[in-house]
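# Remarks on the overall topology
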Amino acid sequence: MPPDGNAVEIRNLVKRFGEFVAVDHVTLDVGRGEIFGFLGPNGAGKSTTIRILCGLLAPTSGSAQVHGYDVAAQSEQVKQSIGYMSQKFSLYDDLTVEENLDFFSGIYGVPHELRAERKAFALRMAGLEDERASMTRLLAGGWKQRLALGCAILHQPPILFLDEPTSGVDPMARRQFWDLIYAMAEQGTTVFVSTHYMEEAEYCHRLALMYKGRTIALGAPSELKAEHGDGATMNDVFIASIERAEEEGL
Amino acid sequence: MNWRRFRAIFHKEALHIVRDWRSLMMALAVPMLMLILFGYALTRYVDRIPTVIYDQDGSPQSRELVERFRGSRYFSIVERQGDYREIIQRINHSKAILGVVIDKDFAKTVSSNSVARVQLLIDGSDSNTASIAAGYAEALIMAYSAELREQQIVRRGAGKMETPIDVRLRVLYNNELKSKNFIVPGLIAVILMIIAALLTSLTIAREWENGTMEQLLSTPVRPNELLLGKLAAYFLLGMADMAIALALGVGVFHVPLRGSLLLLTFASALYLFGALCWGIFLSAVTRTQLLAYQASLVSSFLPAFILSGFIFSISDMPLIIQQVTRIVPARYFVAVLKGIFLKGVGVSVLWMDLLFLFVYAAIVFMLASRKMRQKMA
C-alpha cells in the first residue's frame, strides 16, 4: 500500500566524510510521477545524496523519506520500493542479458508467475530482445545502460534513482535512453536522475542545481531560465547561480 | 532468509563458476594433479638405491657380499669395480647414493676370526634417503656377518646355533607401511582447503571490485542470503572435489577405505563448510581479490599443509608448534580421515575431532555472517 505524500522528501540532509561536507543541508521534495533532475559538476554531492536516498549510506544528520519510508530507519522498505542504477556499470559481465534479468528478478522477489512477463517487458523496453542470449560483456555501452535500467525496473518500483545513467554513452544512445525515462514517467514512475549534461537538464520536469554540496537553484527548467532573462540557456542559469553562490561566500 | 533470493544468488554463483573455466579447471584438476604428484612422488619408500661397489679384496667371501647387494631389491649396483674416485664422482653427479668399500684383507680377517672392515659412503644431501639407505646396507652386512660367524662355529664342531632373539614385526592399520596410504587421506584435507578457502576468498571481493556489490546493496537482499547462496554453490564444487579425490584414492592408489562412507561424507561436509566460511570471511574483510587470495593462502592452505600432521608428524614438532596445531581445523580432519580410511573406526572414537570441526565451522560461520552484515550495512 503506497503511502500518500511526495515520492521523496529531504529535510536538512547533511553528509560529512571527516572534515569534508559532501551534502550540506539539502532540503527538497519530489512529487509523484515527476522526472526530477540533479544537475551539477562532479563532486557536487549528487551521487552521495542519491546513495543516501537508496539506503547505501547513512546520513550524518537531517532526514530523508522515500516512498514514505525513512531512509535510515526503514531501509528495508525503501529498498523494496526503489530501482537504482549506479554511475558505474554494475551488472555481471559473465552472465547473459537474460541471466542478469533473471537474477535481479529473483533478488527483488518477483513472484514466479510474473517473471516471464516482466522479463519480456524489460527486454522489449530496452530493445534487447534479439540480444537476450548475448554475454553482457559483449554489449555496446548504450545497450548496457538500457539493460541496467531493465534490471532495475523488474519489480516495478514506484521510484527510480538513476545516477548519471548516460555518462560515457554516445548522443544517439542518450536520446534513446531519455525516451525510456519518459516512458517510465508516463506509467507513473517517479524518476530521480542526476546528470552533468546541460541539455539533459531540459528534459526534466523539475531540477535542482547542486554545487559544493548545496542546492543553489531549484525549479522547472523554464522557470529557472525565465528568472535569468530572455534567451538564457540552462548553461547561463548554471553559471549565474554558481557566481551568486560564490559571492554569498560558499 | 528469503528462499527466492537465496535461489537467485545460488544460481548466479553457479553460473560464475561454470563460466570462469580457468577457475573451474583449477578446481577440478588440482585434486587430481596433487594426488598424482604426491601419491607417486612423495613416497618415503626407498628401494633400488644406486650403489657403487669397490671390492679391494676380490675373494670368494667378498664376492659373496657383493652378490648379497646385487640380490637385494633395495640396491641396484651401478658399478661393480669402482674405486674411491669413481664413488665420489658418481655421488657428485647424483648417479649413486651409496658406495660400498670392502677392505683388501676382508677374507683373511674373516677367516682369522677377527673383525673385518666394510666402509659405507653415503650421499647425505638427502638425509632421509641417506639414513634409510644406511639402515638397509647395515642390516644386509650384519646378516651376512652373522652367517659367516655361524659357519665358523659350525665348522669348529659346535652345534647349530639359534639367534637368541627373533623379532617379528606386525604393523597395524597400514601393514605395508605404504606412504600413499596416509598421504592420500591427508591430501584430501589439503585439497578441500585449497578449493574452499582460495576460491571463495575471491567471491565477495570480486563483487566489491566490480561495483556489483553496490547494486546488490540497493536491493532487498540480506547479507545472510548472499553468504549462504555463495556458500551453497561452492559447497557443491567442494563436494565434487571430495568425490574425485576419493575415487582416485581408492580406485587408482588402492587406499583402503575401511570405515563408513557416510561418516566420511558428513565429516568432509563439516570441514568444507568451515573452510568456505573462512574464505568468505577473508573476502569480506579485505575487499580486494589480491589481498583476500594472499590472506587465504597464508591462513588456510599453509597450515593445512604443514601443521595438520599430513606430512610432518605433529608429535615430532617443537612443543609450542604442537600447541598451535590445536587451532588448525585440518589437524582434526586429517585425524578423522586417517581414522576412517585406515583404522575403520567410527563416531565413538572420532567424536572429539568431529566436535571440534563442528565448533570451528559454527564459529567461522558466525564470524563471516557478522562481517558481511557490518560491511553491507
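Residues numbered from 1 in each chain as written. Chains lettered and ligands numbered in written order. Predicted model: local features only at pLDDT ≥ 70, side-chain atom pairs only at ≥ 80, totals over all residues.

### Brief notes about the overall build of chain B
Keep this limit in mind: Starting at the N terminus, helices and strands are each numbered in turn, a helix being any DSSP run of H or I of at least four residues and a strand any DSSP run of E of at least two. Atoms counted for the radius of gyration: C-alpha only. Globule rule: 2.2 Å times the number of residues to the power 0.38. Residues with at least 20 other C-beta atoms within 10 Å of their own are called buried, those with 12 or fewer are called exposed, and the rest are partly exposed. The C-beta atoms themselves are positioned from the backbone. Here, residues touch in the contact sense if the C-beta positions derived from the backbone fall within 7 Å of one another.
Across its full length, chain B holds 14 helices and four strands. For chain B, the C-alpha radius of gyration of 29 Å lies well beyond 21 Å, the compact-globule estimate for 377 residues. Structurally, chain B occupies a C-alpha span of about 100 × 45 × 40 Å along its principal axes. With 377 residues in all, chain B has 38% of them scored as buried. Long-range contacts, defined here as pairs at least 24 residues apart, represent 80% of the contacts in chain B between residues at least 6 apart.

### Here's the deal with the overall build of chain A
Looking only at helices and strands, one finds nine helices and ten strands in chain A. On the principal axes, the C-alpha backbone points of chain A span a range of 55 × 40 × 35 Å. Looking at the 250 residues of chain A, the share that counts as buried comes to 50%. The long-range share in chain A, meaning contacts at least 24 apart out of those at least 6 apart in sequence, stands at 68%.

### Side note on the environment of A:Thr27
Residues and elements named next belong to chain A. Its location among the elements puts Thr27 in strand S2 (residues 20-30). The class of Thr27 is partly exposed, set by 13 C-beta atoms lying within 10 Å. A C-alpha to C-alpha distance of 17 Å links Thr27 and Phe161, two positions 134 residues apart in sequence. Not counting chain neighbours up to four residues away, the residues in contact with Thr27 comprise Ile10, Arg11 and Asn12.

### Overview of the domain arrangement of chain B
Interfaces are frequently sized by the accessible area removed from exposure as the parts join. Defined as follows: Where each domain begins and ends is defined by an automated method or by a domain database.
Once the domains are mapped, chain B shows domain 1 (3-42 + 178-376) and domain 2 (49-155). Taking only C-alpha atoms into account, the centre of domain 1 of chain B sits 49 Å from that of domain 2 of chain B.

### A few points about the pairing of strand S10 (residues 214-219) of chain A
All names here are of chain A. Going by this rule: Whether two strands pair comes down to DSSP finding at least two bridges between them.
By the bridge criterion, five bridges tie strand S9 (residues 206-211) to S10 in an arrangement that is antiparallel. Each bridged residue has a counterpart across the sheet, and for Leu207 the counterpart in S10 is Gly219. Once S9 ends, the chain turns through two residues before running back antiparallel as S10, passing Lys212 with a positive phi of about 45 degrees.

### With respect to the packing of helix H3 (residues 97-107) of chain A against helix H5 (residues 141-152) of chain A
Residue and element names in this part refer to chain A. To keep it simple, the criterion reads: In this analysis, axes come from line fits to C-alpha atoms, helices being fitted only over the stretch in contact, and the angle between any two N-to-C directions falls in the range 0 to 180 degrees. Oblique is the label for every angle not falling under 35 degrees (roughly parallel), over 145 degrees (roughly antiparallel), or within 65 to 115 degrees (roughly perpendicular). Two helices that cross are described as forming a left-handed crossing if the nearer one is turned anticlockwise from the farther one by less than a right angle, and a right-handed crossing if clockwise. Gly counts as polar in this scheme, as do all residues outside two lists: the nonpolar Ala, Val, Leu, Ile, Met, Phe, Trp, Tyr, Cys and Pro, and the charged Asp, Glu, Lys and Arg.
Where H3 contacts H5, the two axes come as close as 9 Å, and the packing angle between them is 25 degrees. Relative to H5, the element H3 lies roughly parallel. You can see that H3 and H5 cross each other, and the crossing is right-handed. Across the interface between the two elements, Val97, Asn100, Leu101 and Phe104 of H3 pack against Leu147, Gly150 and Cys151 of H5. Classifying every residue of the contact of H3 with H5 by side-chain character gives five nonpolar, two polar and no charged.

### Some thoughts on the sheet that holds strand S4 (residues 61-66) of chain A
Residues and elements named next belong to chain A. Reading across from one edge, S2-S1-S4-S5 is the order of the four strands in this open sheet, with antiparallel pairing throughout. If you trace the sheet from one side to the other, it starts and ends with S2 and strand S5 (69-70), each paired once. Sitting on the sheet, helix H1 (residues 46-53) is in contact with strand S1 (8-17), S2 and S4, with an inclination near 115 degrees to S1.

### Comments concerning the pairing of strand S3 (residues 35-39) of chain A
All names here are of chain A. Most of S3 sits out of view: five of its five residues are buried. Because side chains alternate across S3, one face comprises the buried residues Ile35, Gly37 and Leu39, and the other comprises Phe36 and Phe38, equally buried. Note: S3 against strand S8 (residues 190-195), five bridges, orientation parallel. Bridge pairing links Phe38 to Ser194 in S8. With four bridges joining them, S3 and S9 adopt parallel strand pairing. Each residue of the ladder has a partner; that of Phe36, found in S9, is Arg206.

### Topic: the sheet that holds strand S1 (residues 49-55) of chain B
Residues and elements named next belong to chain B. What the four strands build is an open sheet, ordered S2-S1-S3-S4; its pairing is mixed. Either end of the sheet is taken by a strand with one partner, and the two such strands are strand S2 (75-79) and strand S4 (118-122). For this sheet, the mean inter-axis angle between neighbouring strands, taken without regard to orientation, is 30 degrees. The strands that helix H3 (residues 60-71) touches are S1, S2 and strand S3 (98-102); relative to S1, the one it contacts most, it runs at about 175 degrees. Its contacts with the sheet place helix H4 (residues 84-92) against S1, S2, S3 and S4, and it is angled at close to 170 degrees to S1.

### Some thoughts on the nonpolar core
Residue and element names in this part refer to chain B. The criterion, for reference: Think of a nonpolar core as buried Ala, Val, Leu, Ile, Met, Phe, Trp, Tyr and Cys residues, each tied to the set through C-beta atoms within 7 Å.
Ranked by internal contacts, the top residues of the largest apolar core, which has 157 residues, are Ala189, Leu192 and Cys277. Top element by residues in this core is helix H7 (residues 179-210). It accounts for 19 residues. When sequence neighbours within four positions are dropped, the list of residues in contact with Cys277 reads Leu231, Ala361, Val364, Phe365 and Ala368. Within the second largest apolar cluster, 20 residues are counted, among which are Val52, Ile53, Ile97 and Ala133.

### A few points about the interface of chain B and chain A
Contacts between the two partners involve 20 residues from chain B, matched on the other side by 18 residues from chain A. Of all elements in the fold, only helix H1 (3-19) and helix H8 (212-217) of chain B reach the threshold of two or more residues within the side of chain B that touches chain A. Element by element, the count of residues in the side of chain B that touches chain A is highest for H1(B), at eight residues. Classifying every residue of the side of chain B that touches chain A gives five nonpolar, eight polar and seven charged.

### Side note on helix H13 (residues 329-343) of chain B
Residues and elements named next belong to chain B. Going by this rule: What a helix should span is 1.5 Å times the count of its residues minus one.
The terminal C-alpha atoms of H13, which comprises 15 residues, lie 20 Å apart, in line with the 21 Å expected from a rise of 1.5 Å per residue. Of all 15 residues in H13, 14 are buried, a share of seventy percent or more. Of the residues trailing H13, Gly344 is marked for its positive phi of about 70 degrees.

### So, unusual backbone geometry
Residue and element names in this part refer to chain A. A positive phi angle is found at Glu164, which is not glycine, with a value near 45 degrees. When you line up the elements, Glu164 lands in the loop between strand S7 (159-163) and helix H6 (171-186). Residue Glu164 is classed as buried on the basis of its 22 C-beta neighbours within 10 Å.

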